[in-house]
Every structure is written in C-alpha cells, then in structure tokens.
Protein chains: 4
Amino acid sequence: MNATTPDRREEFAAERWARFRPITDGKSYIESLRGRAVTVYLFGEKVEEPVDHPIIRPSINALADTYDLAVEDPELATAHSELIGAPVNRFLHIVGSPQDLVMKNRMQRRMGQRTGTCFQRCAGLDTISVLHSITYDIDRKHGTTYHQRYLDFMKQAQANNIIVGAGMTDPKGDRSKRPSEQADPDLFMHVSRRTERGLYVRGAKAHMTGGLNSHWICVMPTMNLGPADSDYAVVGMVPGDAEGLTYIYGRQSCDTRALEKGEIDKGNARFGGQETLVVFDDVFIPWEHVLMNGEYAFAQEMVARFTSYHRASYVCKTGLGDVMVGAAAAIAEYNGADQASHVKDKLVEMTHLNETIFSSAIASAHEAKPLESGIYMNDGMLANVCKHNVTRFPYEISRLAQDLAGGLMVTLPSEADFEHDVAGPILRKYFQGRANVPVEHRQRMLRLIENMTLGRNAVGYLTESLHGAGSPQAQRIQILRQMEVERKKGYAEELAGVGRNEERAG
Amino acid sequence: MNATTPDRREEFAAERWARFRPITDGKSYIESLRGRAVTVYLFGEKVEEPVDHPIIRPSINALADTYDLAVEDPELATAHSELIGAPVNRFLHIVGSPQDLVMKNRMQRRMGQRTGTCFQRCAGLDTISVLHSITYDIDRKHGTTYHQRYLDFMKQAQANNIIVGAGMTDPKGDRSKRPSEQADPDLFMHVSRRTERGLYVRGAKAHMTGGLNSHWICVMPTMNLGPADSDYAVVGMVPGDAEGLTYIYGRQSCDTRALEKGEIDKGNARFGGQETLVVFDDVFIPWEHVLMNGEYAFAQEMVARFTSYHRASYVCKTGLGDVMVGAAAAIAEYNGADQASHVKDKLVEMTHLNETIFSSAIASAHEAKPLESGIYMNDGMLANVCKHNVTRFPYEISRLAQDLAGGLMVTLPSEADFEHDVAGPILRKYFQGRANVPVEHRQRMLRLIENMTLGRNAVGYLTESLHGAGSPQAQRIQILRQMEVERKKGYAEELAGVGRNEERAG
Amino acid sequence: MNATTPDRREEFAAERWARFRPITDGKSYIESLRGRAVTVYLFGEKVEEPVDHPIIRPSINALADTYDLAVEDPELATAHSELIGAPVNRFLHIVGSPQDLVMKNRMQRRMGQRTGTCFQRCAGLDTISVLHSITYDIDRKHGTTYHQRYLDFMKQAQANNIIVGAGMTDPKGDRSKRPSEQADPDLFMHVSRRTERGLYVRGAKAHMTGGLNSHWICVMPTMNLGPADSDYAVVGMVPGDAEGLTYIYGRQSCDTRALEKGEIDKGNARFGGQETLVVFDDVFIPWEHVLMNGEYAFAQEMVARFTSYHRASYVCKTGLGDVMVGAAAAIAEYNGADQASHVKDKLVEMTHLNETIFSSAIASAHEAKPLESGIYMNDGMLANVCKHNVTRFPYEISRLAQDLAGGLMVTLPSEADFEHDVAGPILRKYFQGRANVPVEHRQRMLRLIENMTLGRNAVGYLTESLHGAGSPQAQRIQILRQMEVERKKGYAEELAGVGRNEERAG
Amino acid sequence: MNATTPDRREEFAAERWARFRPITDGKSYIESLRGRAVTVYLFGEKVEEPVDHPIIRPSINALADTYDLAVEDPELATAHSELIGAPVNRFLHIVGSPQDLVMKNRMQRRMGQRTGTCFQRCAGLDTISVLHSITYDIDRKHGTTYHQRYLDFMKQAQANNIIVGAGMTDPKGDRSKRPSEQADPDLFMHVSRRTERGLYVRGAKAHMTGGLNSHWICVMPTMNLGPADSDYAVVGMVPGDAEGLTYIYGRQSCDTRALEKGEIDKGNARFGGQETLVVFDDVFIPWEHVLMNGEYAFAQEMVARFTSYHRASYVCKTGLGDVMVGAAAAIAEYNGADQASHVKDKLVEMTHLNETIFSSAIASAHEAKPLESGIYMNDGMLANVCKHNVTRFPYEISRLAQDLAGGLMVTLPSEADFEHDVAGPILRKYFQGRANVPVEHRQRMLRLIENMTLGRNAVGYLTESLHGAGSPQAQRIQILRQMEVERKKGYAEELAGVGRNEERAG
C-alpha cells in the first residue's frame, strides 16, 4: 500500500451507497454484479468478469434465485420491514418474532429444494440478526452509537435489496495460540490503522460462502477475545468491490465439469455453491460502517448468538434432502425397482432422517426468546441439536440414495460418448432400462445424484454440513454447556431418594 | 350375564356422575379410587383394594402427581376451559391452538422428569382431543348428535376433574383376518345388544395403560373398519367400575420388588406404570355416553387422528431421558469419574438424542392445523417422526447410562444384605467410592438406573417406547403415506432437466 | 481373626486336593458343590445349602451344562491334554494352537445357545491360559519356580475336572488413587502376612462371575502396579471353601421370580448367571499355590494378556444372539407376522450383527501368535474389536427382538393368573393368536424374550456385555494403543506425496 | 460384421497365447498393454494408446503394482502353483486351503494400503477360483471336458503371468424380465452362433472393473438361468483385444483432474480405478476356451460361489481404510489438533470399524470348506457379513475423516493458484498452520482425503463398496437364506420349554 492509496480509499468510501440501484429480481441481481472491479483468482488466473465465468456463474444463479423466489412466492420469501415501512426480501429481514424465525427456516428449505445447493445467503442473514442485538448491547454498556449506524445501514440495504455476506472465519494459524500471539498478526483480522474518517483492517476470511457474490461483506471476529486482542475486536461493513480486497476461489469436487460442453454431466447445470478466501489488504471502513471497535468483551457473545441463529439455518439441508429423496425415488422408478419393499423402506428412512433435522430447526424457532434489543433469538440447545444431526444424517441419506441409484452412478460414460456417432447408439442400446423411460432420463438423474453425493454439490450437502457454522465438536461443546446437568441430577436424586450432600452441592 | 343384570346395569348408569366429587389434588384423587367395587386379578388372586396394593399403588401415585403438578405449577398444568369457564387440569383440556399442543408437550416432559415412569394419562388426553373433531364430523355427515353428547360429558369431566382412560387396542386374534371374520367375535370389541336406553359392548382391550386408575374409560375402535364390521364401530364412555368389567393386571419386570421390605432396591419406590387387560362382559353404555354407533367409515380417520396426537405425546420420554442423563451424571460423580472426557461426551450424546426427540414434538405442535370442529391437530409427519425416534433413542440413552453406571448396577447385593449385621458392614467397607459420597447414594442411584433400564420402569422407557401408539413399522407406513414422493421427484427432475414422461405421470 | 486361626488354616491347606473326586458330568459336578461349608449371604440371610437355593441353582445348572456338553459333544468340548496325556474338558485345556482358540470360541457360542445365559466359566479358562505364559516369563526374569507350580496345579485340576474361577476385579475405592494410596488398604487385595508355609491375602473381589460355583478361585491383580504396590502383586489359588471367605450374592433383575411357583414366568427356568462379592479375610495360600509374590512389574502384562483372551471370549454372546434370533422368529410366527418383509428384514439385521461379532473372535483366534512359554495368544486388536462390538450389538439385537415380540411382552399377566379358575380362561380366550399355536407357547416365548432383554439374563446379555472384561472405554484405549497410527500415516503420506518432515518424525 | 470377419476372427484365435511373453514386474506389465488394437471411447473420442492416456494410466498403475508387490514381498503376494510347479503371482493362484484364502485377504488389504484405490484384479482372481469347481462339477454331471480346458488355460495364464478380468454384469434391461424375455436379446450376453471351431457371443458387460487393463476377459452369466435361457449359459475366455470388442470408459468424479497440470490437486496422482462398458459384437471363442455351453442349471451355483469368494474380497477396503485413518491422523497433526481427546476418539472409531470389516473376511477364510474339485471356498455367511459391513462402514470412516480434515478440504484453492506469482504467496501466508509443517503438506493431505471421499477414488471406496459384488439387498437375501432360522428357533423353544407343534413343523 503506497502513501497515496489511503486517501483514495477513504474518498471512495463516501459514495458507497450511491452506486446502487434497487434490485428487483434475479436478473437485475446478476446485472448488479457485472462490471465491478474485483480481483479474483481461479485456476491461477485473474478472472475478467466473474459473472460470465462458467464455474462461478452457477453460484450466482443460486443467489439470483433468492430474488426470484421473493417475486414468485412473496408470502414465503418477503416480510414487512418496519424499518422502511415496506416489504423486503426475507433474507434482509430482521427477525422480530418466533414466527419470523419459522418462516426463515421454511424459506431456507424451499431454497434448498429449488437449487439443490448452498445458496450462500444465510450467513449474511444471520449476521444481520445478530448485529441488531449486539450493537444495542454494546451501546448500553459503552454509550456508543453502533445501533443507530446499524439501523441506517439496514435501511439502505433493504431499500436497495442488496446481499450482505458474512466474513467470519479467520485462517487461525497455530490453533494453540490466541490472535495477538500469532507469529503473523494477520492470521486473524485486525485494525491496522485508525484515521479521522475511519479504520483499516488487515487479514483474511477463509472459506467465505458466496463472498464474491455479495454486495457488502460484514467482517466480524471469529472467536472470544481478551484485552490483548482488542485490535481484533472489529466489526464493519465493506463493499464487495472495496479497494484492497482479493478473492481466491476455492475449488470443488468436479468443478471443471462446468467448463465442459453439454449440461448432463454437470448433474445440476444451473446451481452451485461458492467458497472463497477473501484477503483484506488494509481495507478502509468509514466510521459510519464500523459497528465494533475494540469492545473485545462482546466478541464471545456475538459468536455465540451468531452460531445459535446459524446452526438452525442448516435446515436448508432438508431442502437438499427433499431433492435426494426425490432423486432416489425417481431413479428407482426409472430402474423399474420402485415397488420393492426395501426400496420403499429406504425412502422412508431418508425421509425420517430429513424430517428429524427439520423438527429441530422449527422447534428452535418456536422456542425463541426476545433479546434486549427487541428482536428474537431461537433456542440455542435445539439449534445445536439441529446442526449436530446435520453433521450425520445427510451422509446416511446420501448413502441410501447411492444404494438406490445403483453402481451405474459411478460408471456411466460421459455425455460426449452419448453424443458420439458410434458410441452413442451403443450406450443407448445397452442402458435402456424400464420401457418408456428415455435413457437420457437415467443419465440425468444419475448425474444429479453424483453431483450431490460426490460432485460439486456434495461439497455443500456433505462436507459443509459437517463444518459450516462449526464442526461437530463445536456443537458438542455447546450442548455440554447448555445441558443443565445439575438440574437433571436433581430429578434423578429426587426419585432415587438421595439427599444431595451439601458439601458437593456447595 | 343373567336375565336381571341388564336392568340393574342400565339403572345404575343413570346416576353415573352423581357419585363424583370434584378432585382437588393427588390425595383426593387417591381417595376417589378407594372403595370402588372393581374386579381385579393379580398373581392369581382377586385384589381387595387396589389402592393399597403395593404393586399397584406406585401407578396410582404417578397419576396423583398429575393433580399435584396442577396445584404446584398451574401455568404449566392447567388451562382455561371455555367449556366451563374455569381453569381445568391440562389433561382434561381441549387443544384449541398450536400453543395448547406445545404446552401439553411441555407438561408431559415435566411429568416424566417428576415421575420417571409412564404416568398413564396421555392416551386419555389424546382421546378427548380426537373425539371433539370426530363427533363433529360424524354429525355433519349423518345428522347425529354425538358432538353435543361429547361436550356434555366433557363439562362433567372437567367440573369433576376426573381421569379418562383410553380403551383402544383389541386383542386382534388372527392378524390376517378382519374383526367380523374372527372365529371368536369377541377378539374385537363390538356391540352385543342395543336397548331403548343404550347399548352393550363385549370384548376386551389389551395392555390398557392405567386402566384400573381411570374414572372413565373411553372405548373405541383400534383400526379401520368396513361395512361388515359395523357392530365394531362403537365409541362410548364407561365408568371404570361399571358392572361387567374385569381387570387382569399385566406383570412387569421386577414387579415383586414392590412387595419387598425397604425402598432402595425398588429404584423408584414411589412411581410406576400400569397396563391391564380390561374385559368387557356385556357392559352397558347409555345413549348419552355413546359417541359412535355403527359409523364404521369414521374408524380409520379416528385412529389416524388419535395416532397423530398420541405419537407426539411420546415426548414424555424426554422427561425420563432427563432423569437418565441426571442419573448417569450423578453416578459418574459418585464413582469419581465425572471429569473424564469420554464421560462428558456420553452425557452430551444422551442429551443430543433426547433433545432431538423433543424437537419433533414441539415442531409437530407448532405446525398444527385447525380442524373443522375448531380445534387443532398437530402435524402428522412430524408426530410420526417423533415417535419413530422414540423407538430408537431411549435404547441408546439407556445403553449409555448403563455404560456410565458400571457393572455394579447388576451385581450389587440386596438392600437386605446391606441391613444385615455381618454382611452390611462388609458391603459398606468395600463399596465405598469417592470420599464424602455415602455408599447408600451409590446404591440408590444404581437401583434407579436398573429400574429404568431393566426393571419396572424400563417397561415404560423402552418397550412401551417401541410399541405404544403403534410399533415402528406403523410409523414407517405413515411416513410412507405422507412423504409426498411425487412432489420431491419433481424437485429432482427440475434440477436434473428431466421433463416428466407424460405417460408415466398420467 | 484370632490367634489360633492361622495354624488351622495352614493345616487345612495341606490336604486341599485330597477331597476331590474326578467329576464326570453335570450331575456329579452339582454333587461336588454340596455340603461345602461356605458362608453365603443372600437377601440378608445366610444360605444353608446354595446348591438347593432356587435363585442360585440356575447358575449352577449353567456350569453343569459345561460338563454335559463335554459328554455329549466331546469333539467340541474336550481336548487332548499333553499335561496328563488324556482328554480334558476344553474349559481346562491350555491353548496350544490357533485352532485351540477357534474351538474355544465355538464351544462358547454353543454354550450360549444351550443356556441362554452367562455360563460363568470363561474367566477361569482365560486365567488358566494367561498363567501359563506369565509364570514362565516371571521365572525367566527372576529365577522363580512359579511355572512348575502352575503345571502341578493344572495336572490336578485336569485330573479332577474341577472349575477354576477368576478373582480379578478389586473394589478400587477412590479411582484417582493407586492401591497403596487408598485410605483403606483392603480396597485392593494384598498380602497381609507371610509365613513359612505360605501367605495370607486380604481384600475382596467384586462382581466375581460364578464365584460361588467354583472349586478353586485364582486371585490376581486387576491393574498395573508400581514398586509401592508390591504387596498387591499376588497371584494364588484358593479353594472356594477356604476359611476366611465370605460370599455376598449380587441380585439381578427379576431374580425373585425364581422363588415363584410355576416355571413360565421365569422365562428361562433352568439357567441363569451369577455374580458375587467375594471377601477374603486373611485367607491362607500355601507356597505351592502362590504364582506371583511381589513381582509387580508383571501385573500390567498379565492384565493385558488376560483381557486379550477374555475379550474374545465374549463371542459367547453370539450364542445368546442365536437364541434371540430364534425367539424373535418364533414369536413372529406365533403372532402370524412371520411373512411380513419388515419382519424378515429385522431377523436379517439381527443375524448380521451377531455374525459380525462372531467374525472378530474367529479372526482373532486365527491370527494368534505363540508366546515364549509355547502357548498361543489371540490377536489383541481383533479381540478388542470383538468385545467392543459386544458392547453395542446385543442392545440393538435386543431392541429388534422386542420389536418383533410386540407390546404383550411387558403387559402379559402372570402365570398364576393363567392358572386361576376365572382369569385363566379369559386370558386364554383373549390371547389366542394364530390358529394351532397354543397360548402357552406365546406366553413362554414372550417370557424368554423378557428374560433376555429385561430380566435375569438381560444382566448377562446386555449389561455384562458392556462391562465384562472391561467397559467400552477400556477397549478404546487398547485400540488406540495398538492401532499403529504412524504406520498408517506413512501410507497416506506416500500416496499424497508428502515427505515426512524429519523434525516431526524425530 | 461382414461375411469375411468370422473366419479372420477364428484364425486369429488359434494363436492367442503365442503373442504373450511372461510378465516380470509392473513395468513389463505396462509394456504388455502397449500397442494392442483395442477400440476405446472416452469423452467422445477414440483413444489412440490407452497406456499413455492420463486418465487411464493411473488405473494401469494400480494393476502394475500387483506385479511389483509380488517382487517386493513374495511371501505375501506369490504362492507355489502345483499346476506349473513354480511360484506364481497370488492373483493367479488357485485357493487350495483356508490359509490361501487368508493370504489372499492379507494381500488385498496390503494392495489397498499401497494404492488407495481399487486395483481391479480381485474379480478375475475370484473367477479363477470359481471356475475350478464349477467346471469340475459340470463335467461330473454332463461328461464334458471343461475342467481340463480350464487347467490348460490356467497353466498358460500362470506361466505368462497375465491378468484375467471378469465380465459378469449384464446390462439387464427391464429388470422384471428374464434374459430370454427381453425386447432386445443382447441385454444379456448370449451365444449368437456356433461353428466347428467355437462359438460367438453378443451382448455387453457393464461396469467391468479394469476391463481394458486385462489380457483376457472371462465372460460368464450374471444370474440364475432357466431352460429357455440356455443360450445365455456361456462361459468363455476372450483376449482383451479380441476383434469385435468395444470399450466405453466410465467417467468418475473429478476424472479430468488427471488432465490438469501439477499433481497435488489429483490427491492420489499415481493410482485410480477403472470401470468400462465392454461390448461384445459377435466375439469368437474357440472351443478350447469355452467352459460352459448351455448348462444353464449351473449358472445359479456359479454366481453363488463367485459372490461368496468375491464378497470377502472387499476386505481390500480395509487397506483403503488404513489410508483414511492415516490421512485423518496426519491432517489432525498438521492442523495441530492431534492431542484433542475427540480427535483420538474418532481415529479409534475409524480403526474399530475398519478392523471389524477385516475380521469377517479373515473369519470367512478360516471357516473355508473344501469343494468336490479339491479347492476351498470361504464361508458364505461370513463373506456376506463382511461385504454388508463394507456397504456401511467406509461411509462412516469417510465422514469421520472429513470431520478431522476440516472445511478447508472443500474450499482450498487450486494448485495453479498456489503457483501464481500473486496468489501463491497469499495462500502460503494464510494457510500456514502448525509451525514446521509446510503448507504444501496440508494441501496434499487434504487433496488425498478429497480424492478418497468425494473424488476419483471415492468411487471405489464408497459407491463401489455399496454395489460391487452385489448391492446391500443382495447380501441381505443371502443372509436370510443362510441364517438357519429353524435351528435357532429350536434353541429358543428348548429354553422356553416350548415343544414344537408338529403340524407347524411338518
């Protein structure tokens, strides 16, 4: 960063909202991303226009669908915002009631059904929610004005119907050391400089979901912080095309199929997920977009509330689970095996597991409690239970889908072979199954199951189900903390006739 | 039945409600059962006074606790009845909203925590709910007046604060034959005679929960019926001490420990469950207490709605699960092993499974929909999912509790040995564990875990969790019916780019 | 212990073998136990003659069956002993080859099928095996003569065809302290005095399987010992009726059904298990029966080898598993449900799990390696894997058996009710299932399943499967130790093209 | 096929063995494949030289390693052939004893450890075994001379050290119809013509493992056949480059990474599996290579024996499981998390599951029984149990490996980005974990785990584990057939005191 850069960065910041035009649907969302001067690396090259890159586009399409759903099903995917006195996309809505949380979960399941992938907008949504109460709480403690800044930002965000992404996970370096103890201070994002107009942040956010597809990124701490880490206690809003940002695209299983001719082998040609490393090389944030600035003691609670919201958001995987059930049922039908009792039984098991996940999210929403700032937070225990089942059941659902698909799922020749003059007719001859079902239907359904269990969207359906919003052990730790074991010991001791030894109880 | 019996039976019926005095608490409930002329067999003998029988009494205590809870925690265990314009015990409340269903589930969990057993009142509660809508629906179709009779009955029931038990499960005989096809017509309950004043029923209801402890029994069909089975389509209210009733008490694992001196080896000395065979030898029901009389076509829907309510009622097992978590944590502490990471991890797993069950009940309640009669029914899919997890998780929770308990749980000498002059001091010397924890505490906690995993209350926590409200396969059939596989195939085909073949879809 | 006692005890010891007459079959085994002056407490009373006590006798019958099997199937249950040049009961045979270990496992499974319970002879058998090599190894290190003493003892044991029990598990007291650190030194067995003729031991052995039914008890350490614990490093052979011994009988679920009239409700009227607390109040062991005396460094290896043998011995549970499969299939047939596809599928699952357990034992035997003393030890990893599956699968098999049994398993009235003039005919009328199957068959099969899943033999099939030969965590620790993770990292690094960093490897 | 073709085909057949030179190691094996005039389609193009195709070569390397192992560890991977009086590669050895079967299993596990993929040689090995006994049995029944032809073939095969592949799975078409009932007769392979010198076969073999890499293909029926299917009852040996053969290559997850520059992103750059559709367009087989010709009644037994051998061969997956355990342990170490108790616990669980699979294979081998022809067949029940666990445990092992890997496994940027001037240093800065561990090590290990759980070798480790040698339901059917439920009912009835009703038993 040379000496002149800061000023330019600071000036640029002043006009941040001016560039936006309200987004109305998926198409206008896609256009809104075009022509931004973002620095993106993918396969060792800078990407000229991400919107048109065949690997990146499916991830943009998934986000675009969050706009189209709002148009097609406004009852589900919009909500009335008191902030601007108008309906807003539910992904920008502040959760004002348990029912808002329930509707959020239903919309997430629906989006999963429509896209069969990670549509990348939940972390941002949950960030919006958590900032409402955290800024409120910091202000009450420290007399700051973060909450008003937050409300101002949200008015613009809702009015312009933009996407906010969440930049949370720091690279972390040596996991046995705290942020301020790392050999390289940048391994956790921190304030590198403060000026009259704002502050600069340095560091990176790893596996950021839909990073490149967001209009704004909210950076925030990833773990609890101590007094020595106060420069790491920073929350701020950064435009996705801010100067100093670099995106390096994460590769996925089978990602390059998106570069191939034809659409069948892609499995799900239209939709995909996206995770990027986002590097912040002294990115400027003006004070009006700073929502935490050194109040390290709130980092832990912020993370706790965020995970409580976000672990229930993994209910989206039940939408993908619905697709898996449907795909398994369809392929069984194409194979002529749909009447076998073991086939039905496996579909039942898949459904049972999927609905079990759904239950915990809905229950967690129902049991929501109000926070001081006036909004609601879903039940933490049940959100963790939801996510913990998500770390298990999609794997079993996926295994059962592969069982019903048959081995052809991993031995089917390429679409290009089906197009070949000689090979094509041979393949159509020998892969004919049940009469009346075109071979291409089998191809397409097998490729969809491959896509979701081994390919590009398996990344979202399986591995992200494990690690997103915290890996399994993170949920177990939360369950341990919240399980109120002393109360439960009391029940047992009451029934067993054990008077608690006072010394132990004391 | 001799010739004079019917008249006496019919006359007796006229004054059925006259004998009752409003029950105010557990104590007055127990008194209300005393002195009834019921015929009960247990261990080959007629029981003189069931209330004082040491094997039967714990099951009565469990029901008594449903009254005490209403006194101690009225917000949880009572509700305002519009029917009588006064608060009523929630076990007699008609579910008027999703929140009523949620409160029902919370109360059930709480009762499980308090008693550690099956408190026997849920089948009756769910019967009350289902009759509201079914009588309404029959009336609409057939111009009958069942619904008003039902409301009249419920007013009395609520005013007198009595217990209604559910008599549903017929012995069934040869399972490949319908009711009217059985060699012995009594293997399903049926109308044996109709008179001016009412009708007579013959047959039996198997494993009836808390049968002997109910003031009234509602008899109803156990499965769908056809035109040939119309005499089997009968619903009616019968006092628990009606003439012609015979109870034969089901025995349970370790039941005779209740006859032993001392209370420790009982594990849970105060509370237990109860299942009886109830035989109806031409029991009379006056018309005002008849709620179905031949409308066979409604049997299937009645059973379907009942199981939908009742499968979610198995959330009670999460209360027992809380006791198991507490007992396992307590014994680990007494053994000095509570800080081991694998011990904590097992408690987390037990909690996770338990809360997963809880989730589905709450979600099912939240997703309740109104019926024509104006009350609410919880979501059927999620209720089945709830119950289906109940057929699995308590077994694993129980296994983990036994793991934490240690082998001593099944090798501990008897309480009498601990009382013996010579053996007692030896046992106290050698079974001393962690300092400051009396050996008796270990004894008691081990006996509680034995009680719930092998003994008397394992019947309720394990086997009844499998079979109550339908065995696992019954849930799988319901899940199959409700899983909307065609809709889900549509999601998969949309993403895979498969246009559905019209012939197949047609 | 008064001053004159020791001498008497020491003199008595001289004639220890003289009293025995070779046992020929189950009947003569039972007679061999009669008239011994053992001190036994049960239900707060001294038992006059354990052989005739209805609660104790089934456990004796199970051991008697090990003799009868040898008569009925000598190929399976006897082996040629080179020690005495004659065939011996395989439970007294020293394992000279992998095939000996395989035959041991087959015999154990067969015994499980015959008795449906713990037949209590495996710990002794595995003790015999481990002492062969441990005495040999101690002698090589310390120049002692334990191995010859062991061989002399075994000659007598084989010639007299007696039962050796294993006294291993100390009460342990405060688990955070070593033997020599306990407040009460007796919480681990130790040498209390040494004389010219031998030594005295004090302490107790907890949950000793079949303790009371053994002719001799081998006492041995239960864990690794340090220099400070050398008095705890003692192995010796003690007659089951030695002076100073006291047995306190462990109670089991449903144990008192053995005192009831009739045999049906017992489930398995003939066979049961037994665990006792055995107290050693300065019991004398002459030098010729002492096999370790202070060589504390060998305790750990002794325990390790014992558990390696013994964890594979839990293959016996596959014999009980066979009974469970058979019982579930039989009750499904009696209920008329045996042709349902889900019923067959559950039987397949039960079988699959059961044979998986069997596999690990046989594989462990096959992979046996010779020890220095010339005998064989089965593979430790696979023995731990075998036992670890035993801590899981019987619970699932049991759950599935309860599923197929139906709820009647826990609501069936007592045998006495079936005998009653009035109640009996009612019960037979209403519990008639499939034509041609007597109601009594259903009763008996349901009681057997109750016996093995909740009742007396559930203790052995379930809880002992968890804790016998070490609880689940003990197996996990062994698997961790033996899993050769560095070798496996090497495979991964080779394929991944990672050269191991020398600093880390060093 | 024009008129002149047959003659040329028949003449060509005469010199079939003449072209081979004994193969000595992996290198000479690879050379042996070069220059064959095979017709192969891949990605819509004919492949000129499969040996040099970057997607195909890893599968050839895996087979080559079976030769190198024989050189490096002859005790494990060679055996003495009585047929030629010399040592042969164990993949060509006829199993003459249980120990041969055990050694086969050990070799398979070792190959899995070395290659981390399907090395494609087991189906051929198991075909060799099954033909020994089946040809013997047909000869005994029909007086044919197949067995001698088989022995003659095997002498050449062993002497030339070639690879035999198994062509078994027909496309099957409409699964509700038998071979002779299909609309297109070619959907099952059949004899299309018989001449003086031999016969011609038409049809295809689907997902043939390593088809293209075999010197000879043995075609054989895939299911039981009836009299109408006698033309489908054909077994014969066909050179891999026979005229009339066409291979169409099956694509795999991430297959095109093999075409990318660099080796890191390949995960396992050296080894991969292969499945092809092999089309037989009137391929000629001279009589000396025909081993079944219409004896349809033997098809069922042939398939049964083949699956018995082959289901135990899935023990190879324990070798891949060892790699997974190692990879998970390595990445945990690189991440600095290897001392966490939950990490160790997950490694233990992975190992436990992996060794459970191993157990069943070894036990199945140990329990082998001799067949009439003099060779041994492993135990069918335990082989099915082995394979059935293979359809479950690798999925859980894979899930646990992904858990320990962390989310970076699916968000890591491409190798090309790491090579880029600007992006590379950023990535190395931010992905530095534990000190002293190069970032490249993390990259490589994450890519290996991706390869085995989502990528190219997940095909073999997961989906093929489900479907190879029969899908899960096929094993359940075999377990059902072999579980001897009547014998087990007998055990239960004996213990329950139930005399079997003669009518039922009859």
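The rules behind the values
- By convention here, each chain's residues receive numbers from 1 onward along its written sequence.
- Labels are handed out in written order, letters beginning with A for the chains and numbers beginning with 1 for the ligands.
- Local features in this predicted model are restricted to residues of pLDDT 70 or higher, and side-chain atom pairs are both shown and tallied only at a pLDDT of 80 or more, whereas totals for entire chains, interfaces and linings draw on every residue.
- Excluded from the side-chain calculations are hydrogens and water; all other atoms, namely the structure's heavy atoms, are used.
- Under the pairing criterion, centres of Phe, Tyr and Trp rings, with the six-membered ring standing for Trp, must be within 6.5 Å; the plane angle then separates stacked pairs below 30 degrees from edge-to-face pairs above 60, leaving the rest tilted.
- Think of it this way: any DSSP run of H or I at least four residues long counts as a helix, any run of E at least two long counts as a strand, and we number them from the N terminus.
- Should the NZ of a Lys or the CZ of an Arg lie within 6 Å of a ring centre and within 35 degrees of the ring normal, that charge is described as sitting over the ring.
- A least-squares fit on C-alpha atoms brings the copies together, and the residues used are those whose pLDDT is at least 70 in both copies.
- It only takes one pair of heavy atoms within 4.5 Å for two residues to be counted as in contact.
- UniProt positions are given in the numbering used here, feature names are shortened, and annotations may be inferred rather than shown by experiment.
- The salt bridge definition used is simple: a Lys or Arg side-chain nitrogen within 4 Å of an Asp or Glu carboxyl oxygen.
- Only protein chains enter the calculation, and the probe is 1.4 Å; a residue is then buried if its accessible area is under 20% of its type maximum, exposed if over 50%, and partly exposed in between.

## Observations regarding the packing of aromatic side chains
Consideration 1: According to the stated counting rule, one finds 40 aromatic pairs over all chains in the structure shown.
Consideration 2: Centre to centre, the rings of C:Phe91 and C:Phe119 are 6.0 Å apart; their planes meet at 70°, and the pair counts as edge-to-face. Remark: C:Phe119 occurs in the loop between α5 (98–115) and α6 (122–142) and C:Phe91 occurs in the loop between β4 (86–89) and α5; sequence separation between them is 28 residues.
Consideration 3: Here the aromatic cluster, defined as three or more aromatic residues joined through ring pairs, consists of A:Trp17, A:Phe20, A:Phe153 and A:Trp216.
Consideration 4: Over the face of the ring belonging to B:Phe358 we find B:Arg109, whose NZ or CZ atom lies 4.5 Å from the ring centre.

## Structural notes on the relation of the copies chain C and chain B
Consideration 1: Overlay of chain C on chain B (RMSD 0.1 Å): rotation 180°, translation along the axis 0.0 Å. Such values leave the two copies arranged in the relation of a two-fold axis.
Consideration 2: Residue by residue, 100% of the interface of chain C is reproduced at the interface of chain B, so both copies engage with the same surface.

## Some details on the UniProt feature "domain: HpaB/PvcC/4-BUDH C-terminal" (unreviewed entry) in chain A
Consideration 1: The residues that UniProt annotates with the feature "domain: HpaB/PvcC/4-BUDH C-terminal" (unreviewed entry) are residues 299–497 of chain A.
Consideration 2: Annotated as residues 299–497 of chain A, this span is 73% helix and 2% strand, and its ends, taken at the C-alpha atoms, are 44 Å apart.

## Things to note about the pattern of salt bridges
Consideration 1: Under the criterion given, the structure shown has 164 salt bridges over all chains.
Consideration 2: We note a salt bridge from B:Arg444 to B:Glu263, for which the minimum N-O separation is 2.9 Å. Placement of the pair is B:Arg444 in helix α15 (residues 439–453) and B:Glu263 in the loop between β10 (245–249) and β11 (275–286), with a sequence separation of 181 residues.
Consideration 3: For B:Arg444, a relative accessible area of 9% gives the class buried.
Consideration 4: On the basis of relative accessibility, which here comes to 41%, the residue B:Glu263 falls in the partly exposed class.
Consideration 5: One salt bridge in this structure joins D:Asp281 and D:Arg202, with 2.7 Å as the shortest N-O distance. Here D:Asp281, found in strand β11 (residues 275–286), pairs with D:Arg202, found in strand β7 (residues 198–209); they are 79 residues apart in sequence, far enough to count as distant.

## Considerations on unusual backbone geometry
Residues and elements named next belong to chain B.
Consideration 1: Phi at His207 is positive, roughly 25°, even though this residue is not glycine.
Consideration 2: Among the structural elements, His207 can be located in strand β7 (residues 198–209).
Consideration 3: Since its relative accessible area comes to 25%, His207 is described here as partly exposed.

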